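Here is what each chain is made of, one letter per residue.
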Amino acid sequence: MCIRDRDGGGAAARQAKQKAAKAERIGLFREDGKAFKLNSLKTLDEKALRLPSRAEASQLCADPSELPFRFPTPPRGGMRGLSDADDALVALDGAAVGYARAAGAAADGGRAPVLRELTLALRASARVAIVGDNGQGKSTLLRLLHGELQPCEGSARARPGVRIAYAPQQLADALAPHGAQPAARCYDGERFGAGELEARTRLGRFGLRGGTAMLPINALSGGQRVRLALAALTWDRPHALLLDEPTNHLDTHALDALAAGLRAFAGAVALVSHNRHFCAQVCDELWVVEAGSAHRMRADAPDAPFAALFASHEARVLAAALARGSADGGACLLYTSPSPRDGLL
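Residues numbered from 1 in each chain as written. Predicted model: local features only at pLDDT ≥ 70, side-chain atom pairs only at ≥ 80, totals over all residues. Heavy atoms only, no water.

## Observations concerning empty space enclosed by the protein
How we decide: In this analysis a 1.4 Å probe is tested at points of a 1 Å grid over the protein atoms alone, and where it fits but cannot get out there is a cavity; an open set with protein on both sides within 12 Å along at least five of seven lines is a pocket; lining residues have an atom within 4 Å of a point. Grid points are joined across faces, edges and corners, and a volume is the space filled by probe spheres set on the points.
Under the counting rule described, the total for this entry stands at 1 cavity of 30 Å³ or more. Estimates place the volume of the largest cavity at around 50 Å³. Around the largest cavity, the lining residues are Arg-70, Pro-72, Arg-202, Arg-205, Phe-206, Ala-231, Thr-234 and Trp-235.

## What to know about helix α4 (residues 138–146)
Defined as follows: Each residue is assigned to one of three classes by its accessible area relative to the maximum for its type, calculated with a 1.4 Å probe on protein chains only: buried under 20%, partly exposed between the two thresholds, exposed over 50%. In this text, helices come from DSSP runs of H or I with a minimum length of four residues, and strands from runs of E with a minimum of two, each type numbered from the N-terminal end.
Buried within α4 we find Lys-138, Thr-140, Leu-141, Leu-142, Leu-144 and Leu-145. The first or second residue beyond α4 is Gly-147, which carries a positive phi of 100°.

## With respect to the packing of aromatic side chains
Two measures describe an aromatic ring pair: the distance that separates the ring centres and the angle between the ring planes. What counts, and what does not: For Phe, Tyr and Trp, where Trp contributes only its six-membered ring, two rings pair if their centres lie within 6.5 Å, and the inter-plane angle classes them as stacked under 30 degrees, edge-to-face over 60, or tilted in between.
Using the criterion set out here, one finds 5 aromatic pairs in the structure. Both rings, one in Phe-69 and one in Phe-206, keep their centres 6.4 Å apart while their planes meet at 90°; by these two values the pair is edge-to-face. Within this pair, whereas Phe-69 is found in the loop between α3 (54–60) and β1 (88–100), its partner Phe-206 is found in the loop between α5 (196–205) and α6 (222–233), the two being separated by 137 residues in sequence. Ring geometry for Phe-192 versus Trp-235: centroids 4.6 Å apart, planes at 35°, classification tilted. Here Trp-235 lies in the loop between α6 and β6 (240–244) and Phe-192 lies in the loop between β5 (164–167) and α5, a separation of 43 residues in the sequence. Taking relative accessible area as the criterion, Phe-192 reaches 15% and is therefore assigned buried.

## Section: helix α7 (residues 252–264)
Rules: Helix span is expected to be 1.5 Å times the residue number reduced by one. Note on contacts: a residue pair qualifies if any of its non-hydrogen atoms lie within 4.5 Å across the two residues. Any N or O atom pair separated by 3.5 Å or less is treated as a polar contact, with the protein-specific requirement of one donor-capable and one acceptor-capable atom, and with residues adjacent in sequence counted only for side-chain atom pairs.
Spanning 13 residues, α7 covers 19 Å between terminal C-alpha atoms, matching the ideal 18 Å at 1.5 Å per step. Along α7, the residues that are buried comprise Ala-254, Leu-255, Ala-257, Leu-258, Ala-259, Gly-261 and Leu-262. The elements touched by buried residues of α7 are β3 (127–131), α6, β6, β7 (268–272) and α8 (276–282). Between the side-chain oxygen at the start of α7 and the backbone nitrogen of His-253 there is a gap of 3.2 Å, and the oxygen is on Asp-251.

Pasting the structure below:
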């Protein structure tokens, strides 16, 4: 009896060791978030036994930074009166916006306007690049469109039912309190009410697949944390994305993947970026923030490409800098960049 027990225990130990080795070799989870079954090859179906296709193999071998960003499709049914891609999601009419003044100075609601006389419309299919010198109010304009700031003059009207997602420059920093949690599990609980399987599926759309989704957030690279943050930001399927310097922490391949994802997004996009090449990949409309206001820059021809539109903006900025006799070269950084990918707006 003792010998049989000893043999049986040895067999169980061998089986456990084999299962552990297989789990280490192929992982515990597939890309779709489902668990692998650690059974014998005799019980696996034909699909499981076949070799991966060329397309599947290329995805498995892809550089992680090249994995796609797949933004969720926004719902259309919840917004009243939206019938055309040119309909406005947010309309600014003579709006002024700013921040709190020092105590006692409340002539205009206690706020010192940063931008005035804003008359702009964010269309349902917009692809807008917002450009201007640092400190002119580009981020303030995004916050006004989002509704985080209210106008102190004029109006800012959002279409009823519209959902707008705003990604500030330090978006990924909001993940810091959850740093010890696996990426997929940071979605559990009251914020999203999602289980691990749904979270892993969502993360997979943003290139966080397989075992990467179960890594602690602190173990993710800067680019992977951006992907995680964007997955959280777009959980509720927004109709518009407002992105402030979205290229931070992303390498060239990830930038191209993000640009492709934004082009495919079915909603509106407005972004602030100093990366000229990235803007040209995504945008077809230019908003220029300068002299305490902002205006839409229109092309000479209706079908003019964004590059031509931006070249016209560059020429105007350069002419103004030369007219001022600027010798510091700050404005001319735009034209002396060694690579279009690194160009400054």
